[in-house]
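Below are the chains, spelled out letter by letter.
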Amino acid sequence: MERGRRKLKATDILLLIAAVILAVLFLYPVFFALISAFKSNGDILKNPSALPTSFYIQNFKDLFSQSDFATAIVHSVILTVVSEALIVCIVPMAAYGIERRKSKVTAFMYTYFLAGMMIPFHLYMFPLFRELRIFHLFGNMAGPVVVYISGSIAFGCLLYCSFLKGIPLEIEEAAMIDGCTPFQTFWKVTFPLLGPCTGSMVILNGLNIWNDYLMPYLVLPSGKAKTITVEIAAFVGQYTARWDIVFAGTVISIVPALCIFCAFQKYFVKGITAGAAKG
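Presented here is an overview of the structure given in this document. These figures come from a predicted structure and were not determined experimentally.

## Section: the overall build of the protein chain
Move 1: Along the protein chain, the regular secondary structure elements total 13 helices and 0 strands.
Move 2: Counting only C-alpha atoms and orienting by the principal axes, one finds that the protein chain spans roughly 70 × 70 × 35 Å.
Move 3: The burial tally for the protein chain puts 37% of its 279 residues in the buried class.
Move 4: Nonlocal contacts in the protein chain, meaning residues at least 24 apart in sequence, comprise 72% of its contacts between residues at least 6 apart.
Move 5: Across the protein chain, the centroid of the 22 positively charged side chains sits 6 Å from that of the 15 negatively charged ones.

## Thoughts on the packing of helix α4 (residues 69-100) against helix α10 (residues 195-211)
Move 1: Running from amino to carboxyl end, α4 crosses α10 at an angle of 145 degrees, the nearest separation of the two axes being 10 Å. In the packing of α4 onto α10, the handedness of the crossing is right-handed. Here S76, V77, L79, T80, S83, E84, I87, V88 and V91 of α4 lie close against α10, whose contacting residues are T198, M201, V202, N205, G206, I209 and W210.

## Details of the pattern of salt bridges
Move 1: Counted according to the given criterion, the structure contains 5 salt bridges.
Move 2: One salt bridge connects D62 with R242, and the closest N-O pair in it is separated by 3.4 Å. On the criterion of sequence distance, the pair formed by D62 in helix α3 (residues 58-65) and R242 in the loop between α12 (228-233) and α13 (243-278) is long-range, its members being 180 residues apart.

## A word on the packing of aromatic side chains
Move 1: Enumeration according to the criterion identifies 17 aromatic pairs in this entry.
Move 2: Ring geometry for Y28 against F31: centres 6.5 Å apart, planes inclined by 45 degrees, an arrangement best described as tilted. Here the residue Y28 and the residue F31 both occupy positions in helix α1 (residues 2-36), the gap between them amounting to 3 residues, near one helical turn.
Move 3: Here Y28 falls in the partly exposed class, since its relative accessible area comes to 44%.
Move 4: With a relative accessible area of 39%, F31 lands in the partly exposed category.
Move 5: Judged by centre distance (5.4 Å) and plane angle (85 degrees), the ring pair of F32 and F247 falls under edge-to-face. In this pair, F32 sits in helix α1 while F247 sits in helix α13, placing the two residues 215 residues apart along the sequence.
Move 6: What makes F247 buried here is its relative accessible area of 14%.

## Describing the side chain of K39
Move 1: Take K39: it is sitting in the loop between α1 and α2 (41-46).
Move 2: It turns out K39 is buried and unbridged, and the closest side chain with the opposite charge, D43, is 6.9 Å from it.
Move 3: From its side chain, K39 meets the backbone oxygen of N47 in a polar contact 3.0 Å long.
Move 4: When neighbours within four sequence positions are excluded, K39 is seen to be in contact with I44, N47, P48, A50, L51, P52, Y56, N59 and D244.

Thresholds, definitions, all that
Each chain carries its own residue numbering, running from 1 in the direction its sequence is written. Predicted model: local features are reported for residues with pLDDT of at least 70 only, side-chain atom pairs are reported and counted for 80 or more only, and whole-chain, interface and lining totals are derived from all residues. Working from all heavy atoms in the structure, the side-chain values ignore hydrogens and water. Strands here mean DSSP runs of E at least two residues long; helices mean DSSP runs of H or I at least four residues long; both are numbered from the N terminus. The cut-offs for exposure are 20% and 50% of the maximum accessible area for each residue type, with area from a 1.4 Å probe on protein chains only; residues under the lower value are buried, those over the upper are exposed, and the others partly exposed. Contacts are assigned to residue pairs with any non-hydrogen atoms lying within 4.5 Å of each other. Asp and Glu count as negative and Lys and Arg as positive, but His and the ends of the chain are not part of the count. Note that the charge is assigned to NZ on lysines, CZ on arginines, CG on aspartates and CD on glutamates. Every axis in this analysis is a line fitted to C-alpha atoms, fitted for helices over the stretch in contact. Angles between the N-to-C directions lie between 0 and 180 degrees. In a left-handed crossing the near helix is turned counterclockwise from the far helix by less than a right angle, and in a right-handed crossing that turn is clockwise. Salt-bridge detection follows one rule: a side-chain nitrogen of Lys or Arg within 4 Å of a carboxyl oxygen of Asp or Glu. Only Phe, Tyr and Trp rings are paired, with Trp represented by its six-membered ring, and only when their centres lie within 6.5 Å; those with planes under 30 degrees apart are stacked, over 60 edge-to-face, the remainder tilted. Nitrogen and oxygen atoms within 3.5 Å of one another constitute a polar contact, given that in protein one can donate a hydrogen and the other can accept it, and given that sequence-neighbouring residues count only through two side-chain atoms.

Put into structure tokens, the structure is as follows:
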């Protein structure tokens, strides 16, 4: 028994050390960006890891004066909020239809969605942009929204279908006996029970959309303000770079993402663990 306890304690210590090392590795880039946001470009190039000697905020002023960063923030918020709202409305209903209406058609659709996860984005990137041009979605905000929704269906159906397996059918049958239609049963009875799963979807998709660079850069019209990531990247050139402005914009972009994660953190953990256990 004592040997077992000693092994358990040694294992706990090793896990704690590994967790601390991983935490430092993940948090150091955020810390580096934070201290660099309040330093001049010269100070960053001279001694990147040094703490700022003064509260230097000219970087933030230059960020808004030398770019249309305010409009970029609005564009990022619109893309994230609209995409998230449509994803939460569409993906759960698709998963509900697949899971509750078992047939060869729904089984084929489920397999078809999952097969889409195996194809790298860069493999179908150019045909995708061609389709966006055909449907007049290239060069406007609707294009990225459609791509984000379609890109979230595969993983979303996998997550929601796994979570729906743990919801008893008797609850839905009781609602239908009381006079609810299938549509009302889903939104009034089943969907509120999918809160942890929805929280996971909001965090995963929200962070991906908010931090996405490639899609807004290629789809939105050139010569105009795009999104936060694209505007920040514009300050890094081939021969010169304003790292002070880049880190100032990075810090601003981190704040909303951090707020979203903190708000839905408990739902994120519940949704991921429940989906893994029931899938």
